[in-house]
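Understanding the architecture of this molecule
One letter stands for each residue in the lines below.
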Amino acid sequence: MSELLTFAVFESSGGAKIQRIPLEVFPKFWAYVYIVQKDPYWVLIDAGSGTELSHENLLAGFWQAGIQPSDLTHILLTHGDIDHFGGLSKLRPLTNAKVGIHELDVQTVTQHEAGLELTGRRLTFFLGESGLTQEAREQILDISRFSKAIYRSVPVNFTYEAVDMRLGPFEFIHLPGHSPGHVAIRIDDVIFCGDMVVEGVTPHLSPETIHPFSGLEHYLESLSRFQDWAKGARLILNGHDDAIEDLPAQIDLTRQNIIRRLSKAVEALQQPLTMEEVCQAVYGEMNGYNQLLVIEKTGAYVEYLYERGMLEITNPEEMEQGGVAHYRRLRAGQMILEELEKNLGRYASMQVHT
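This is a predicted model, so every value here is computed, not measured.

1. Focus: the packing of aromatic side chains
Within this structure, the stated rule accounts for 10 aromatic pairs. Judged by centre distance (5.6 Å) and plane angle (75°), the ring pair of F26 and F146 falls under edge-to-face. Of this pair, F26 sits in strand β2 (residues 17-26) while F146 sits in the loop between α6 (134-144) and β7 (158-159), and the two are 120 residues apart along the sequence. By relative accessible area, which is 30% here, F146 ends up partly exposed. Between the aromatic rings of Y41 and F170, the centroid separation amounts to 6.2 Å while the plane-to-plane angle is 75°, which identifies the pairing as edge-to-face. With Y41 in strand β4 (residues 41-45) and F170 in strand β9 (residues 170-174), this residue pair connects regions lying 129 residues apart in the sequence.

The structure is reproduced here in structure tokens:
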């Protein structure tokens, strides 16, 4: 993310004061957190990563906003990604604020060490099925455990469904896909959307074999529900980019980007390929943390295509002997793409029923 992220002040239609604080959550990777004041609530939305620099930026942001961490009444987390909740470890001793998160991400925050081990086992199985070399798999597993060095489990005070998806003037909607417990938070005509919509890219996805309630199907459904729920909002404030003023246009660009990625995968799958080979065709050569992100996202795409009968596994006998699955499309590429376009059009026309 750009190093040009800036402190800014907004106001909702109901008079809530919103102060946006930029944090360098990882080297050259930036995020926003928000302080929202509407009496009697002083709320921090998200908390940064918990690295030393992220925490320093957070404290500087409090100073610039003219408050202390001890002034907070609540900390509301949009989802269980380390760059959004990791700052709790260092922030918790400085405040008595009540911490909230959705039920499906609560264990990530409150039982982080155990959760890493559980997710690590699922990721190990997934990587073993991907076709990556043993060396590459070990490197990815090491990278996946990095948060253990910067975060220690922190208890939360409440979960969102337990309070009927509302806290005073704040309203929540559950939007699984990017993470199991991802939410957007609304106050008056302003929405905090976390990583639900990210400028220029599709938010990270992983297959449900690693994280239940993640995956492309959940994300596409959540996009449609979010667009309908957000009607009438003036500003969409997210975790990494400038304010979104035309949400339908941004969501349309996100769907187009998904179609482009799926199209590359479908084109390559005219011949049998492993997951790693599909990843190469869609994203090219990647290393380090990016390799973890793209192999997981490729897994989400292949999962989506396979579960809808668009792909077959060509080597079940080899798999019985411990071999890696090879996938191939079952129909002509153009037929599959037309079906995908139809499917995404169906998501676009979905309405929220409450």
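2. Here's the deal with the pairing of β4
The two faces of the sheet receive side chains in turn, since in a regular strand these alternate between them. Across the five residues of β4, four count as buried, placing the element largely inside the fold. Summarising the sheet, strand β3 (residues 29-38) and β4 pair through five bridges and their orientation is antiparallel. What sits directly across from I35, in β4, is L44. In this structure, the hairpin formed by β3 and β4 is closed by a connection of two residues. Bridge analysis of β4 against strand β5 (residues 74-76) gives three bridges, and the strand direction is parallel. Looking at the pairing, L44 lines up with I75 of β5. At this point the chain moves from β4, through helix α1 (residues 52-65), to the parallel β5, and the crossover so formed is right-handed.

3. Some words on unusual backbone geometry
The amide bond that connects D39 to the next residue, P40, takes the cis arrangement and shows omega of 0°. The topology assignment puts P40 in the loop between β3 and β4. The phi dihedral of D188 falls on the positive side, at around 60°, and the residue is not glycine. Looking at the element boundaries, D188 is found in the loop between β10 (183-187) and β11 (190-194). Phi at F213 is positive, roughly 70°, even though this residue is not glycine.

Procedures and definitions
- Starting from 1, residues in each chain are numbered consecutively following that chain's sequence as written.
- Whole-chain, interface and lining totals are the exception, using all residues; otherwise, since this is a predicted model, local features are given only for residues with pLDDT of at least 70 and side-chain atom pairs are given and counted only at 80 or more.
- The side-chain figures draw on all heavy atoms in the structure; neither hydrogens nor water molecules are used.
- Aromatic contacts are taken between Phe, Tyr and Trp rings whose centres are within 6.5 Å, Trp giving its six-membered ring; a plane angle under 30 degrees counts as stacked, one over 60 as edge-to-face, and the others as tilted.
- Secondary structure is summarised from DSSP: a helix means a run of H or I of at least four residues, a strand means a run of E of at least two, and numbering begins at the N terminus for each.
- Relative accessible area decides the class of each residue, using a 1.4 Å probe on protein chains only: under 20% of the type maximum gives buried, over 50% gives exposed, and in between gives partly exposed.
- By definition, two strands form a pair when at least two bridges between them are found by DSSP.
- Here is how to tell: hold the view so the strands point away, follow the path from the first strand over the helix to the second, and if it runs clockwise the crossover is right-handed.

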